[in-house]
Amino acid sequence: MIIFFKKKYYIIIIINLFILLSFSNAFCKDYTYININNPFIKKIPVAIPDFKNRTSKEYKIDYGEKARQILVNGLSFTGYIKTINKGAYIYMPSKTGITKQEINFKNWTIIGAEFLITGVITEIKDNIKIELRLFDTFKENFILGKIYTGAKSDIRIMVHRFCSEISYYLTGEKGIFNSKLVFISTVKKNKEIFISDFDGYNPKQITHHKSITLSPSWSSDGQFVAYTSYVKGNPDIYIQNLKKQKISRIGFKGVNITPDWVPNKLVLAACLSYSGDHEIYLLTIKGKIIKRITNNWGIDISPEFSPDGKKIAFVSKRSGTPQIYIKDLDTNQVKRITFNGNYNTSPAWSLDGNRLAYIGVGKAHNNIYVIGTDGSQCIQLTNNAGNNEDPAWSSDSNLITFTSTREGVSRIYVMTASGDEQRCLLKLEGSQTDPEWSLVNANN
Amino acid sequence: MNSLYSLISRGFLAINNGYKNKHNLFLYVISLFLHIFFFLGLFFIQNFNSAKIFPQAISVNLGSLVSNFKEEINISQPNSVKKSINSPKLSKTNKIKTKANLQKKQKQLKKLKSIKKKSYKSSNVAINAKKKQVKKNKTDALNNVLARLKKQVEKNKSKKSSIAKTSSNASPSANTTYGYGSNKTGKISHKINLYNLKIISQINQNWAFNERVAGTNKNLEAIIGIKILKNGQIRNIQFEKNSGNKYFDNSVFKAVKKSNPLPELPKGYPFYKVALRFTPYGLK
Amino acid sequence: MTKRILINLGLLFMVSGLILITSCAKKSIISESANAQIVTPEEKLLTAEEIAKQKALKNKQRIREEELKQSTSKKRFQNQDIYFAYDSSELMPISQILLREKSAWLGKNSSINVIIEGHCDERGTTEYNLALGERRALAAKNFLIDLGISSSRLDTISYGEERPINTGKNSAGWAKNRRAHFVIK
């Protein structure tokens, strides 16, 4: 009996081992490894079906469609969201439900949508109520939802708030939806400063100097714009308080140009030539010189602070041609950044601090390039269509705005930081130049 | 395990004790048998896996794609040769020869041995004629194919010389054996290579990834194991390795989900297990 | 032998001819860079001689004529710009001749103050051109100071690429925009 038992035991053990080994074998060696390393889609595909309109009466203006358009257009300013064309949708939830229980997510995953946004509009007299919901179609869950109520005229603000929420969910940053755009436009052969929403909507003229006005620059808090103007004949720096409508002037002998604010301080750097040489100085808001930053015979111009304020990029002709340099304000070390081409100017520091956009002046065309602040990974973003100048970053470093003469007249364009989707931002009378976005919290 | 040791030690004990216990001896023989069975089993399992048309490591690159196409071209070549062979002159001569053969056949039906010899000769003549014909076409591709054809025919001759055949039948049969026979083992790995390329293309096309949202594109790697059924359906999606970046992991998971179903598996595959290693290096 | 000599002679003619052609071309470029209404360098030297002659024959010349000359030379002072190479604020030899002439005129008209405007072509960037324009104005100003003109009489201003005189988007148009312009206060 005992032997029999043991024999049986022995066999069982062996069979067990056998099975175990064969299984482990299957787990370890069955897989074929395949490398997949070229994501074809560079943006997150999102479906935004028609908004449901709960207004009982017949409505004159389709605020649902209006809000949807604002949402689609707004999300395009993230630089990483692409709304799938409505024609591809196989199902319209506006007819039935917009909540999680009512949505069949397979209808959306099958067209490739990774997220779904539904909306409901209710008009209450002059006010409007907008409900917006964001869903993950593959995980089939509700991510976030908001209800906004406000005047019909504020519909853009409400929808852009939701864009901010989506941006924050995906990247941890609020995006540029609260940002304002400052730019120069010609008015009757003069150049004046305008301010618009981040996407070029609602442009308003804020200077009436009837003169040449150039190089506007936002202060970090969005309260001040510094610029150069010829109002009094000489190129002087003007600092305009947007809320109080006050203007002060910094006018040394010679040129007073290219102002740039120190981040989070009411101190600015600018190029002055009163000494007979173009050097960069640090100035108080009242125009008192704090210190001289560059000290080199030859043109030193276009200061641009790093987002942490510890470094300054500028253009210098010290090597014989205009090139971009970075000076460390702590160690006073100066390092040349650009070596390609013999005319590189107008550095613009990305808000993540890693990259500089600049203009490379070529024989036939000026193009915009991006380069790492260590001088590596130089990429050309515009491709020899007209002259492309005045690069400036969005506060989330996803977009670059610039001016281009590719369609003849100089206009303001926008593109992603990798140079994709270059498009015209706004078309006003005359020509527009020198765009710059304010930081997120402008005018809040 | 303890019992195993005890059994083995008991077996040795049995030897030491001079086969005192017949039961122990019996047990020892059984254990030996089982051991052999066990190790043989292990051996076959290894073999089984590699032979199970699951290539262990497949290098998927453009090279293999090109070689694939080459193979296909080669396979189709004999047909074109056939066409050239069927050019008027040749076909005439062939027809004449076959007629002659048939006549001979009918005449000498009873004397089998002589038929064999004569048909053999006639087939030689036909091959020579073919040689001449193809030599006239000086394109390299055809020459290559001719060389192969010759070899094949020679093989055929040596293998099947004992079988009596008319010359007109000999050459097409040689062609067909070439087309299917020699390539069989290579074709299977090419099939699955081609299939791998299809998977890569399909998943890449469904993969939406933005490095700005990920915050980085460096050192991101996620491995997802999937099982593909015969009809291309994806089953058992599971992460073998996470990248640690939530957005990246989500994006690759969605890419796999979106790619369902994949193309049907090549014939002869009941299922196919793949580990997809995702890295966004393709982005510049 | 004779053939060879002939060939050599022929070559000689051709080479000298080429030299002549190229030298002629250079001259034509110079005259092109100046405005059509403005006189060529040779004529300038002539007018300088005339001024010298006038000085010698002061008594015989009438005051009216002198005033007439004054007004034409004033126009010439205002309208004759000096030009620069691309991305450069260095004075070319021709510019130095023109500036000597201007300093002579300023020396005679000591009551006149001048603003020197620096301009650039549209290539390059707005900001950088503001500085470059000033460099050009300053180069002209410093040259005049070296010739004895008081610096208090000379002001500079840079317009960068904001005020082109020629809207042509070609090398001839750009050449005319890279200039220092003189304005009497």
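*Asks:* Outline the overall build of chain C, supporting the account with residue identities and numerical values.
*Replies:* Broken down by element type, chain C carries 6 helices and 4 strands. Put simply, chain C runs from its N terminus to its C terminus through helices and strands in the order α-α-α-β-α-β-α-β-α-β. When the 185 residues of chain C are sorted by exposure, 28% land in the buried category. When contacts within chain C are restricted to residue pairs at least 6 apart in sequence, those whose partners lie at least 24 apart make up 74%.

*Asks:* Can you explain the overall build of chain B? Please cite residues and give values.
*Replies:* Assigned secondary structure in chain B consists of 10 helices and 3 strands. Going from the N terminus to the C terminus, chain B shows its helices and strands as α-α-α-α-α-α-α-α-α-β-β-α-β. Residues counted as buried form 21% of the 284 residues belonging to chain B. When contacts within chain B are restricted to residue pairs at least 6 apart in sequence, long-range pairs at least 24 apart make up 73% of them.

*Asks:* Tell me about the sheet that holds strand E10 (residues 204-205) of chain A, and please be specific about residues and values.
*Replies:* Sheet architecture is open: 4 strands sit in the order E10-E9-E8-E31 (chain A), paired in antiparallel fashion. The open sheet has two free edges, formed respectively by E10 and strand E31 (432-437) of chain A, since each of these has just one partner strand.

*Asks:* Account for the packing of helix H4 (residues 93-108) of chain C against helix H5 (residues 126-146) of chain C, with residues named and values stated.
*Replies:* Residues and elements named next belong to chain C. At their nearest, the axes of H4 and H5 sit 10 Å apart, and the two run at 55° to each other. In terms of orientation, H4 and H5 fall into the oblique class. Once H4 is placed against H5, the crossing between them reads as right-handed. Residues Gln96, Leu99, Lys102, Ser103 and Leu106 of H4 touch H5, and the partners they reach there are Ala140, Phe143 and Leu144. Counted by class, the contact of H4 with H5 contains 5 nonpolar, 2 polar and 1 charged residues.

*Asks:* Break down the interface of chain C and chain A for me, with residues and values.
*Replies:* Put simply, an interface is often sized by how much accessible area is lost when its parts join up. Contacts between chain C and chain A engage 16 residues on the former and 24 residues on the latter. Those elements that place two or more of their residues in the side of chain C that touches chain A are H5 and strand E3 (154-160) of chain C. The leading source of residues in the side of chain C that touches chain A is H5 of chain C, at 9 residues. Looking at the side of chain C that touches chain A residue by residue, the classes come out as 6 nonpolar, 4 polar and 6 charged.

*Asks:* Tell me about the sheet that holds strand E18 (residues 289-292) of chain A, and please be specific about residues and values.
*Replies:* Residues and elements named next belong to chain A. Strands sit in the order E15-E16-E17-E18 across an open sheet of 4 strands; the sheet is antiparallel. Two strands close off the open sheet at either side, each with one partner strand: strand E15 (256-261) and E18. Here the strands of the sheet are splayed against their neighbours by 30° on average, with no regard to which way each runs. Note that E15 and strand E16 (residues 267-272) share 4 bridges and pair antiparallel. Residue pairing in the sheet places Asp260 in a bridge with Ala269 of E16.

*Asks:* Tell me about the packing of helix H2 (residues 63-76) of chain A against helix H4 (residues 155-171) of chain A, and name the residues and values.
*Replies:* Residue and element names in this part refer to chain A. Running from amino to carboxyl end, H2 crosses H4 at an angle of 45°, the nearest separation of the two axes being 9 Å. Here H2 is positioned oblique relative to H4, judged by the angle of their axes. Where H2 crosses over H4, the handedness of that crossing is right-handed. Contacts between H2 and H4 pair Tyr63, Lys66, Ala67, Ile70, Leu71, Gly74 and Leu75 from the former with Ile155, Arg156, Val159, His160, Phe162, Cys163 and Ile166 from the latter. Across the contact of H2 with H4, the residue classes tally to 10 nonpolar, 2 polar and 2 charged.

*Asks:* Report on helix H10 (residues 246-258) of chain B, specifying residues and quantitative values.
*Replies:* Counted at 1.5 Å a residue, the expected span for H10 of chain B with its 13 residues is 18 Å, and the 18 Å between its end C-alpha atoms agrees. All of the buried residues in H10 of chain B are Phe248, Ser251, Val252, Lys254, Ala255, Val256 and Lys258 of chain B.

*Asks:* Explain the pairing of strand E5 (residues 115-124) of chain A to me, and be specific about the residues and the numbers.
*Replies:* Residue and element names in this part refer to chain A. Across 2 bridges, strand E2 (residues 44-47) lies against E5 in parallel orientation. Paired with Val46 across the bridge in E5 is Phe115. Where strand E3 (residues 52-53) and E5 come together, 2 bridges link them in parallel fashion. If you follow Asn53 over to E5, its bridge partner there is Ile121. In this sheet, strand E6 (residues 127-136) lies alongside E5 in antiparallel orientation, the contact comprising 10 bridges. Looking at E6, one finds that Val120 is bridged to Glu131.

*Asks:* Give me the lowdown on the nonpolar core, citing residues and values where you can.
*Replies:* With 131 residues, the main nonpolar core has Val46, Leu71, Ala270, Leu356 and Ile400 of chain A as its most contacted residues. Tallying contributions element by element places H4 of chain A first for this core, with 6 residues. Sequence-distant contacts of Leu71 of chain A, that is, excluding residues within four places in its chain, are made with Ile48, Ile117, Val159, Phe162 and Cys163 of chain A. If you look at the next biggest cluster of nonpolar residues, it comprises 15 residues, including Leu91, Ala139, Ala140 and Ala180 of chain C.

*Asks:* How would you explain the confidence of the model for chain C if you had to name every residue and give the values?
*Replies:* All names here are of chain C. Overall, the prediction assigns chain C a mean pLDDT of 80, with 75% of residues at 70 or greater. Of all the helices and strands in chain C, helix H1 (residues 2-33) carries the lowest mean pLDDT, 53, while strand E2 (residues 114-119) carries the highest, 95. Taken together, the stretch residues 20-39 has pLDDT below 50 and engages in 9 contacts with residues farther than four places along the chain or on a different chain. Note on the complex model: pTM 0.68, ipTM 0.82.

*Asks:* Any details on the pairing of strand E3 (residues 271-278) of chain B? Residues and values, ideally.
*Replies:* Of the two faces of E3 of chain B, only one is covered, namely that formed by Tyr272, Val274, Leu276 and Phe278 of chain B; the face formed by Phe271, Lys273, Ala275 and Arg277 of chain B stays uncovered. Note: strand E1 (residues 32-36) of chain A against E3 of chain B, 5 bridges, orientation parallel. Directly across from Tyr33 of chain A, in E3 of chain B, lies its bridge partner Ala275 of chain B. Pairing geometry for strand E1 (residues 222-229) of chain B and E3 of chain B, over 8 bridges, is antiparallel.

So, how was this worked out
Residues numbered from 1 in each chain as written. Chains lettered and ligands numbered in written order. Predicted model: local features only at pLDDT ≥ 70, side-chain atom pairs only at ≥ 80, totals over all residues. Helix = DSSP H or I, 4+ residues; strand = E, 2+ residues; numbered from the N terminus. Buried ≥ 20, exposed ≤ 12 C-beta atoms within 10 Å, placed from the backbone. Contact = placed C-beta atoms within 7 Å. Pairing = 2+ DSSP bridges. Axes fitted to C-alpha atoms, helices over the stretch in contact; angles between N-to-C directions. Parallel < 35°, antiparallel > 145°, perpendicular 65-115°, else oblique. Left-handed = near helix turned anticlockwise from the far one by under 90°. Nonpolar A, V, L, I, M, F, W, Y, C, P; charged D, E, K, R; others polar. Expected span 1.5 Å × (residues − 1). Core = buried A, V, L, I, M, F, W, Y, C linked by C-beta atoms within 7 Å. pLDDT = per-residue confidence, 0-100.

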